[in-house]
Amino acid sequence: MTKTVVALPGEGIGIEVVDATCDLLVGAGLPLKILTPPQTDGATPTVAGFVPDETKRTAREADGVLFGAAGPATTNVVSWLRWGMQAWAGMRPIRFRPGMRSPLADPEGIDYVIVRENSEGIYPGREGELADLARVMPDLRDRSGRTVKEYGDGRFAVKIVTPAGVERVARFACRLARARKAKGKPGKVTCVTKSNVLRRTDGLFHEITERVVREAGDLTFEHFHVDDASRRLVRFPKSMDVVLCMNQYGDILSDLGAETVGGLGLAPSGNFGDGWAYFESVHGSAPDIAGRGIANPTATILSAAMMLEHMGLGAEAARLDAAVGRTYREGKTLTPDQGGAATTRQMAQAVLAAYRNA
Ligand code: NAD
């Protein structure tokens, strides 16, 4: 039965990698109808446009949604996909495949998943003037006893952590760790916070995650403060399984993790809410290389593979994933970030050839 996919490329290299990926999916003969509704109304290159209601409806009704990358004109697209639709869990696999250009001496075997709490924490921005905060919370003091007023002029951002928000993402991380354990992984959830400093907000995230994982009974729990965690992802990446991070920490650490296996162009993601999911590369619109046809399409192709699995096309997803692995192993048709000379399209077509020959 034909399934419907909505492709929203965003801008910059998002357009190049989504086009190449959609051509690959069509070339592979997958039972998909790919729709590309208008992304925004009233956008200019520097001013964000609004996502048309009809586009929202089409995306909500689709079997799969593939996004490219946002920039200044399309920031509302990702805001709607992620925050508007409450995609509260970001799943970001970090996996080395032989042939990927890792800066580490021994990357073989790196295979873990960052789960990013997507909807709370310090994103999406709730910011304001310190004077307003001082008015409504005159007794709020920092750890040294200073009131907000004592800081004088300035701005603030609000960090939100709710028990319900932590619990649902901790349960998501447990389900993922359990599914991985069934395939031979250690069955471990590593929680990342800064609970030694932000004792109430990060402390709550740490406490609830620890309770949920320990109550699960079949999984191992560990916790690292985010500074220590960043070091461990470089030094001991193979010791990681499922790494559950508060929103901003997950944002930062997933770029770091991507780089350890070869670069931002390799990192896919799936974003899940209640009855909603969409898939996108971790990277942005990369204005420094946009329009040159040299962006690495791997992150988007692997995001598409995650989307296929979510849509019930598990065998096709595994075949596409394997085709990416083979393309790297052969090493003949890679983009410049991986030391090759191929264009985005040539690399995606090489993955298609590997898919066909599987
Ligand atoms: P970026 O991820 O666009 O680029 C960072 C670096 O990685 C650049 O040097 C870029 O050339 C390189 N890179 C990224 N993807 C690549 C690929 N597929 N192949 C080869 N090299 C690749 O981050 P940035 O430059 O900080 O942000 C640019 C814009 O993207 C900003 O407007 C930012 O807000 C937006 N952004 C959007 C998302 C998203 O849509 N989810 C994520 C991050 C940044």
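Here is a short report on the structure shown in this document.

Moving on: the environment of Asp132. Mapped onto the elements of the fold, Asp132 is located in helix H4 (residues 130–136). Measuring from C-alpha to C-alpha, the distance between Asp132 and Thr335 comes to 50 Å, with 203 residues separating the pair along the chain. Reaching out from Asp132, the side chain makes a polar contact with the side chain of Arg135 at a distance of 2.3 Å.

Moving on, we get to the packing of helix H1 (residues 13–27) against helix H11 (residues 344–356). Between H1 and H11, whose axes approach to 9 Å, the crossing angle comes to 25 degrees. In terms of axis orientation, H1 runs roughly parallel to H11. For the pair H1 and H11, the crossing hand works out as right-handed. Of the residues in H11, those touching H1 at Glu16, Val17, Asp19, Ala20, Asp23, Leu24 and Gly27 are Thr344, Arg345, Ala348, Gln349, Val351, Leu352 and Arg356. Tallied by class, the residues present in the contact of H1 with H11 amount to 6 nonpolar, 3 polar and 5 charged.

Our focus in this paragraph is the site of the ligand. In the vicinity of the ligand lie 20 residues, with Ala70, Gly284, Ala286, Asp288 and Asn296 positioned nearest. At 3.1 Å from an oxygen atom of the ligand is found a main-chain nitrogen or oxygen belonging to Ser285. Asp288 places a polar side-chain atom, nitrogen or oxygen, 2.7 Å from an oxygen atom of the ligand. Across the complex, the protein chains shield 63% of the 810 Å² of accessible surface that the ligand would expose by itself. Class assignment for the residues of the shell around the ligand results in 11 nonpolar, 6 polar and 3 charged.

Bringing the sheet that holds strand S5 (residues 111–117) into the picture now. Read from one edge to the other, the open sheet built from 10 strands follows the order S2-S1-S3-S12-S11-S4-S5-S10-S8-S9, with strand pairing classed as mixed. At either end of the open sheet lies a strand with only one pairing partner, and these are strand S2 (32–35) and strand S9 (220–225). The average undirected angle you get between the axes of adjacent strands in this sheet is 25 degrees. Each of strand S4 (89–95), S5, strand S8 (188–193) and strand S10 (242–245) touches helix H8 (residues 247–261); the most contacted strand, S4, lies at about 20 degrees to it. On top of the sheet, helix H9 (residues 298–310) reaches strand S1 (3–10), S2, strand S3 (64–69), S4, strand S11 (268–272) and strand S12 (277–281); it is set at about 160 degrees to S12, its chief contact.

This brings us to the packing of aromatic side chains. Going through the model one piece at a time under the given rule, you end up with 4 aromatic pairs. Look at Phe272 and Phe279: their rings are 5.7 Å apart centre to centre, the planes differ by 85 degrees, and that puts the pair in the edge-to-face class. By the burial criterion, Phe272 is buried, and Phe279 matches it. Joined through ring pairs, the aromatic side chains of Trp88, Phe172, Phe272 and Phe279 make up one cluster. Just above the ring of Trp83 sits the side chain of Arg82; from NZ or CZ to the centre is 5.8 Å. Over the face of the ring belonging to Tyr355 we find Arg319, whose NZ or CZ atom lies 4.1 Å from the ring centre.

Cut-offs applied
Residues numbered from 1 in each chain as written. Predicted model: local features only at pLDDT ≥ 70, side-chain atom pairs only at ≥ 80, totals over all residues. Heavy atoms only, no water. Helix = DSSP H or I, 4+ residues; strand = E, 2+ residues; numbered from the N terminus. Polar contact = N/O pair within 3.5 Å; in protein donor to acceptor, adjacent residues only side chain to side chain. Axes fitted to C-alpha atoms, helices over the stretch in contact; angles between N-to-C directions. Parallel < 35°, antiparallel > 145°, perpendicular 65-115°, else oblique. Left-handed = near helix turned anticlockwise from the far one by under 90°. Contact = heavy atoms within 4.5 Å. Nonpolar A, V, L, I, M, F, W, Y, C, P; charged D, E, K, R; others polar. Near = heavy atom within 4 Å. Areas by Shrake-Rupley, 256 points an atom, 1.4 Å probe, with all protein chains shown as cover. Pairing = 2+ DSSP bridges. Phe/Tyr/Trp six-rings, centres within 6.5 Å; stacked < 30°, edge-to-face > 60°. Buried < 20%, exposed > 50% of the residue type's maximum accessible area, 1.4 Å probe, protein only. Lys NZ or Arg CZ within 6 Å of the ring centre and 35° of its normal.

By themselves these figures say nothing about function.
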